[in-house]
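Residue strings, one per chain:
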Amino acid sequence: MDLQHPFELLGTYAFAISGSLAVKDKEHDWFGAGFTGFLTAIGGGTLRDVLLGSYPLVWIANIHFLYAVIAGVLTTYFAFGFLMRLRKTLFLFDTVGIGFFTVLGVEKALEVGVQPEIAAIMGMFSAVMGGVIRDTLTNEIPVIFRKEIYATACLAGAAFYLLLRSFGVERDWNLILSILSIISIRLLAVRYRLTLGRIN
Amino acid sequence: MDLQHPFELLGTYAFAISGSLAVKDKEHDWFGAGFTGFLTAIGGGTLRDVLLGSYPLVWIANIHFLYAVIAGVLTTYFAFGFLMRLRKTLFLFDTVGIGFFTVLGVEKALEVGVQPEIAAIMGMFSAVMGGVIRDTLTNEIPVIFRKEIYATACLAGAAFYLLLRSFGVERDWNLILSILSIISIRLLAVRYRLTLGRIN
Amino acid sequence: MDLQHPFELLGTYAFAISGSLAVKDKEHDWFGAGFTGFLTAIGGGTLRDVLLGSYPLVWIANIHFLYAVIAGVLTTYFAFGFLMRLRKTLFLFDTVGIGFFTVLGVEKALEVGVQPEIAAIMGMFSAVMGGVIRDTLTNEIPVIFRKEIYATACLAGAAFYLLLRSFGVERDWNLILSILSIISIRLLAVRYRLTLGRIN
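Values in this document were obtained by computation on a predicted structure and should not be read as measured data.

(A) Spotlight on the overall build of chain A. Regarding its fold elements, chain A presents ten helices and zero strands. Secondary structure elements of chain A occur, N-terminal to C-terminal, as α-α-α-α-α-α-α-α-α-α. The C-alpha atoms of chain A give a radius of gyration of 16 Å, which matches the 16 Å a tight globule of 200 residues would have. Overall, the C-alpha framework of chain A stretches about 50 × 45 × 30 Å when taken along its three principal axes. Counting the 200 residues in chain A, one finds 54% classified as buried. Here the contacts in chain A between residues at least 6 apart in sequence split such that 71% fall between residues at least 24 apart.

Right, here's the structure in full:
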């Protein structure tokens, strides 16, 4: 069974919610929230595909992605109070999203034929760049700079995927294990406040 | 008569003025104003074409666009006091610009063969993303988040164009009617302070 | 001898240091510093190539660029105190970087067959857009708006290159002379506080 497409749609849905929720404290109408959800959801994958010159972009070729975004925005609209009462919601949706997007981004880049180091960077870009766009638009310091081990978890998970792949691990298992590794690293980092050192 | 090219140049000129005027209160020299005018004018269409993988970009293939930007920047430079005394100038140039760019963006996307929903988004992107870049560069909250019905007017106008097109309305008439619909929605929204609800 | 590749790697290395150093006062871990160094180093050339539709991107096709970035980030990490004691370090690395990148950007654009005016803009973009991304990410006012004659020096150097080229000056000499012209204009502008006028 090909897990790629349902996983991509799930990640898109999760990111659209994360993006729409992010504008809660700002002067945005619900169109602005939906717009931010849209850019958050498609931003990372779009940047990856533009950098790889891989056309047409997935969300342009396949209208399902747009519907996943709209579903995420509507979910936010109708379940806003519920989602916000769950204080960790934004965080959990985001964590699941970066897990999915990193590994799918690595695979996409490998298909195009780039070197593994570049594929790992493309995986990380797929995962974190939507959030960077979201935070830049809402004038926040981008999440990759604020948080405990975040993009680093994506890079580590990408490396883990490439390692398992070189060992010949079957693809769907590798997909699942690598995604879980990213989610685990991120959850442990936040739980135990793990951080990397400062550069100075 | 093909209205597309003169309309694109007019929209580019209007956006270049809008972008150059936007830096008036900041610590910019006139090069910075011109640079902002340039990115404002070409940003939306460039994003649209990069997303569609439609090369070469219009302003790279056709040097007239660069001249239209330079004309807009020079207009701002020599008529700055005059333009600023007309308090609604920036607003009017911007409104005309988004009308033109939305409809031309929809047409460009349809030519590339995308689905209508995607074409509507591309039209909106063409219109508003130059302003988003302008506001991000000048550290403002992007216009799409601040203003009364703005990007929504573009989306509505794009839908109107697609509707008329499906009814077989002749293209130049459709162009004019759809552009007028966007300008009208925007003017009415500002005149009567129409806003969409907040997401929370 | 082909100077292009070593010059590109040197410019990449210089910009990676400039980007990594830029986050010193912020709440960044060293991953964030490295990430900023990476985007600063590859941002301008990437934008140029995406606008030109010139694939694959140089840093994706050639892994040396990634290594040059990593070397720059490691240099910053291990020599941070040393680099910061030299108060003008960031400035000098940046100046050398824009000199190299402008001229190489012009050449790349000419290879693709664009008009000279567009090639000059592409050269300037190659040089300054990495810094614009760096400053946008760290919530600074972009360097092109803040500083004495900066992007203007790149445009002037690009025009100088195109002039010498039209006179048939041999390429490596032209490369060196044009880069030196940009560095000279920039150094003189800062030394004597040369600025362009304000637009209003």
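(B) Summary view of the packing of helix α1 (residues 4–22) of chain C against helix α2 (residues 30–52) of chain C. Residue and element names in this part refer to chain C. α2 packs onto α1 with a crossing angle of 140 degrees between their chain directions and a minimal axis gap of 7 Å. Considering their axes alone, α1 and α2 lie oblique with respect to each other. The two elements α1 and α2 meet at a crossing, and its hand is right-handed. Judged by residue contacts, Thr 12, Phe 15, Ala 16, Ile 17, Ser 18, Gly 19, Ser 20 and Ala 22 of α1 engage Ala 33, Gly 34, Thr 36, Gly 37, Phe 38, Leu 39, Thr 40 and Ala 41 from α2. Among the residues forming the contact of α1 with α2, the class breakdown is eight nonpolar, eight polar and no charged.

(C) Here's a closer look at the environment of A:Leu175. Residue and element names in this part refer to chain A. Tracing the backbone shows Leu 175 in helix α10 (residues 171–191). Once the C-alpha coordinates of Leu 175 and Phe 35 are considered, the two residues, 140 residues apart in sequence, prove to be 30 Å apart. The contact partners of Leu 175, leaving out residues within four places of it in the chain, are Leu 3 and Val 103.

(D) Just the confidence of the model for chain A, in detail. Residue and element names in this part refer to chain A. Residues at a pLDDT of 70 or more form 90% of chain A, whose mean pLDDT is 86. Per-residue pLDDT, averaged within each element of chain A, yields its smallest value for helix α8 (residues 143–146) (68) and its largest for helix α9 (residues 151–166) (94). Among the scores for the predicted complex, ipTM is 0.85 and pTM is 0.89.

(E) Spatial organisation of unusual backbone geometry. For the bond from B:Tyr55 to B:Pro56, the omega torsion is -5 degrees, close enough to zero to count as cis. Inspection of the secondary structure puts B:Pro56 in the loop between α2 (30–52) and α3 (58–61).

(F) Structural detail: helix α2 (residues 30–52) of chain A. Look at α2(A): 33 Å from first C-alpha to last across 23 residues, which is about the 33 Å you get at 1.5 Å a residue. Counting buried positions over the 23 residues of α2(A) gives 22, a clear majority of the element.

(G) Up close: helix α10 (residues 171–191) of chain C. All names here are of chain C. Here α10 is 21 residues long and its end C-alpha atoms lie 30 Å apart, about the 30 Å a rise of 1.5 Å per residue gives. The complete set of buried residues in α10 reads Asn 174, Leu 175, Ser 178, Ile 179, Ser 181, Ile 182, Ile 185 and Arg 186. Looking straight down α10, one finds that the buried residues subtend no more than 150 degrees of arc, so they occupy a single side. Along α10, the residues that are exposed and aim more than 90 degrees away from the buried face are Asp 172, Trp 173 and Arg 191. Following α10 by one or two positions, Arg 193 has its phi on the positive side, about 50 degrees.

What counts and how
- Residues numbered from 1 in each chain as written.
- Chains lettered and ligands numbered in written order.
- Predicted model: local features only at pLDDT ≥ 70, side-chain atom pairs only at ≥ 80, totals over all residues.
- Helix = DSSP H or I, 4+ residues; strand = E, 2+ residues; numbered from the N terminus.
- Rg over C-alpha atoms; globule rule 2.2 N^0.38 Å.
- Buried ≥ 20, exposed ≤ 12 C-beta atoms within 10 Å, placed from the backbone.
- Contact = placed C-beta atoms within 7 Å.
- Axes fitted to C-alpha atoms, helices over the stretch in contact; angles between N-to-C directions.
- Parallel < 35°, antiparallel > 145°, perpendicular 65-115°, else oblique.
- Left-handed = near helix turned anticlockwise from the far one by under 90°.
- Nonpolar A, V, L, I, M, F, W, Y, C, P; charged D, E, K, R; others polar.
- pLDDT = per-residue confidence, 0-100.
- Expected span 1.5 Å × (residues − 1).
- Arc of directions from axis to C-beta.

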